[in-house]
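Overview (structure and organization)
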Amino acid sequence: MQPLYDLHSHSTCSDGTLAPAELVNHAADAGVTHLALTDHDCIDGVAEAAAAARGCGLHLVPGVEISVTWQGQTLHVVGLGIDPANAILREGLAGLQQQRHERAERMADRLALKGMDVGALATGLAGGAAPARTHFARALCQAGFARDPQHAFRKLLRRGKPGYLETRWAALDVAVSWIIRAGGQAIIAHPHRYPLSASGRHRLWRGFKDVGGVGTEVVCANSTPMHIRVIAREAALFELLASVGSDYHGPEQRWVRLGQLAPVPAGLTPVWGHWPGTPS
Ligand code: MN
Ligand code: MN
Ligand code: MN
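Residues numbered from 1 in each chain as written. Chains lettered and ligands numbered in written order. Predicted model: local features only at pLDDT ≥ 70, side-chain atom pairs only at ≥ 80, totals over all residues. Heavy atoms only, no water.

Under the definition given, this model contains four salt bridges. For arginine 193, the salt bridge identified is with aspartate 247, shortest N-O distance 2.6 Å. Of this pair, arginine 193 sits in the loop between β6 (185–188) and α8 (198–210) while aspartate 247 sits in the segment after β8 (241–245), and the two are 54 residues apart along the sequence. Aspartate 247 sits in the buried class, given a relative accessible area of 8%. A salt bridge links arginine 201 to glutamate 234, with the shortest nitrogen-to-oxygen separation between them at 2.7 Å. In this pair, arginine 201 sits in helix α8 while glutamate 234 sits in helix α9 (residues 225–237), placing the two residues 33 residues apart along the sequence. Glutamate 234 sits in the buried class, given a relative accessible area of 6%. (Salt bridge = Lys/Arg side-chain N within 4 Å of Asp/Glu carboxyl O. Helix = DSSP H or I, 4+ residues; strand = E, 2+ residues; numbered from the N terminus. Buried < 20%, exposed > 50% of the residue type's maximum accessible area, 1.4 Å probe, protein only.)

Here you go:
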């Protein structure tokens, strides 16, 4: 079988809508051979996903997507191939989960002050996970305060909007160190999505490599050919491994499909290049 990699996806353990086992089965049906589960600041779904993967012959890459504050901006760092039992990683993520629960309470309060009492709805949609902005977006739609989740983000949940809360996440070097201590590879997620200039990104690549980061996503579900060209050039320049990931959150996002990603541009080393037993 042709290998098909998708190294960025979410389950109900964070803000995805499929349970870990459902996600894995869905990925296998879509022809994905190597799937990374990368829930936000959470590895609780890895065991269930790994068990499901064994059942359907898919290779599950244990992963996580860590929220980072770097030079006043929120960035996401994906850890691939982490050991979910690692105590340092687990302790770090527990701290971030605590922050996520506190943030959700304060977001609910702020929206309620504007007459949008959707806290309980968002908590219900999160089903035990810390309610994320995605859950608030869905709740705001269900309660009729927004047309669709994108609209909810634009109107209410973006920086400067009533439901937005400035949060100080993990420092870049700290998040990368958790990933490394847990035996994983640290990868910058969806670099084209940050409001960074080319020189800002260059600073990020240098700072990231200095603290042990090894790669970046080059191909994401919503990358345009130009994004891919720009990031591929920078990955080559800064000698970063290339990753690919759909950032799948569930079938409701009809424009994102598991495994439907452009190939890694020629000349780059894929992040799986040195994984044991994996074809390139
Ligand atoms: Mn998400
Ligand atoms: Mn992300
Ligand atoms: Mn993601």
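Okay, the state of the cysteines next. In the structure shown here, the tally under the stated rule is zero disulfides. Summary of cysteine pairing: cysteine 42 is not part of a disulfide, and the nearest cysteine sulfur, belonging to cysteine 13, is at 5.1 Å. Exposure remark for cysteine 42: the relative accessible area of 6% places this residue in the buried category. (Disulfide = S-S within 2.5 Å.)

Looking now at the coordination of the manganese ion (ligand 3). For the manganese ion (ligand 3), the full set of protein donor atoms is His8 (NE2), His10 (NE2), Glu65 (OE) and Asp247 (OD), and the range of their distances to it is 2.1 to 2.2 Å. Binding-site remark: the manganese ion (ligand 3) is held by donors from one chain whose sequence spacing is H-x1-H-x54-E-x181-D. Separating the manganese ion (ligand 3) and the manganese ion (ligand 1) is a distance of 4.6 Å. You can see histidine 10 sitting in the loop between β1 (5–6) and α1 (20–29) and its partner aspartate 247 sitting in the segment after β8, a full 237 residues away along the chain. (Donors = N, O, S within 2.8 Å, 3.2 Å for Na, K, Ca; no water.)

Looking at the chain, the domain boundaries give domain 1 (5–93 + 168–274) and domain 2 (105–157). When each unit is reduced to the centre of its C-alpha atoms, the spacing between domain 1 and domain 2 is 25 Å. At the interface, six residues of domain 1 touch seven residues of domain 2. Summed over both sides, the interface between domain 1 and domain 2 buries roughly 400 Å², with carbon and sulfur atoms accounting for 45% of that surface. For the pair domain 1 and domain 2, the interface holds three residue pairs in polar contact (both at pLDDT 80 or more). Considered class by class, the residues forming the side of domain 1 that touches domain 2 number two nonpolar, three polar and one charged. (Domains from an automatic or database assignment. Contact = heavy atoms within 4.5 Å. Buried area = accessible area lost by both parts, 1.4 Å probe. Polar contact = N/O pair within 3.5 Å; in protein donor to acceptor, adjacent residues only side chain to side chain. Nonpolar A, V, L, I, M, F, W, Y, C, P; charged D, E, K, R; others polar.)

Moving on, we come to the coordination of the manganese ion (ligand 1). Around the manganese ion (ligand 1), the protein supplies Asp15 (OD), Asp15 (OD), His40 (NE2) and His249 (NE2) as donor atoms, at distances of 2.1 to 2.8 Å. In primary-sequence terms, the residues that donate to the manganese ion (ligand 1) follow D-x24-H-x208-H. A gap of 5.8 Å separates the manganese ion (ligand 1) and the manganese ion (ligand 2). Of this pair, aspartate 15 sits in the loop between β1 and α1 while histidine 40 is found in the loop between β2 (34–37) and α2 (46–56), placing the two residues 25 residues apart along the sequence.

Taken as a whole and judged by the stated rule, the model has two aromatic pairs. Within the aromatic cluster, the residues linked to one another by ring pairs are Tyr5, Trp272 and Trp275. (Phe/Tyr/Trp six-rings, centres within 6.5 Å; stacked < 30°, edge-to-face > 60°.)

This part takes up unusual backbone geometry. Phi at aspartate 41 takes a positive value of approximately 50°, unusual for a residue other than glycine. The topology assignment puts aspartate 41 in the loop between β2 and α2. Residue classification places aspartate 41 among the buried positions, given a relative accessible area of 1%.

For the rest of this paragraph, the subject is a positive patch on the surface. Positive charge collects at one region of the surface, where Arg147, Arg154, Lys155, Arg158 and Lys161 lie side by side. Locating lysine 161 in the fold gives a position in the loop between α6 (149–157) and β5 (170–171). (Patch = residues over 30% accessible without salt bridge, like charges linked within 9 Å, V, L, I, M, F, W, Y side chains within 5 Å. Areas by Shrake-Rupley, 256 points an atom, 1.4 Å probe, with all protein chains shown as cover. Lys, Arg positive; Asp, Glu negative; His and termini not counted. Charge placed at Lys NZ, Arg CZ, Asp CG, Glu CD.)

Quick look at the side chain of histidine 8 now. Tracing the backbone shows histidine 8 in the loop between β1 and α1. Within polar-contact distance, the side chain of histidine 8 engages the side chain of glutamate 65 at 2.9 Å. Excluding anything up to four places from it in sequence, histidine 8 contacts Ala36, Thr38, Glu65, Val78, Ala189, His190, Glu217, Val244, Gly245, Ser246, Asp247 and Tyr248.

Moving on, we come to α9. Over its 13 residues, α9 extends 18 Å from the first C-alpha to the last, a length consistent with the 18 Å expected when each residue adds 1.5 Å. Those residues of α9 lying buried are Ile228, Ile231, Ala232, Glu234 and Ala235. Along α9, the residues classed as buried sweep out an arc of 165° about the axis, all on the same side. Structural note: α9 exposes Pro225, Met226, Arg229, Arg233 and Leu237 on the side pointing more than 90 degrees away from its buried face. Tucked into the core, α9 has its buried residues touching α8 and β7 (215–220). One or two positions beyond α9, positive phi appears at glutamate 239, with a value near 50°. (Expected span 1.5 Å × (residues − 1). Arc of directions from axis to C-beta.)

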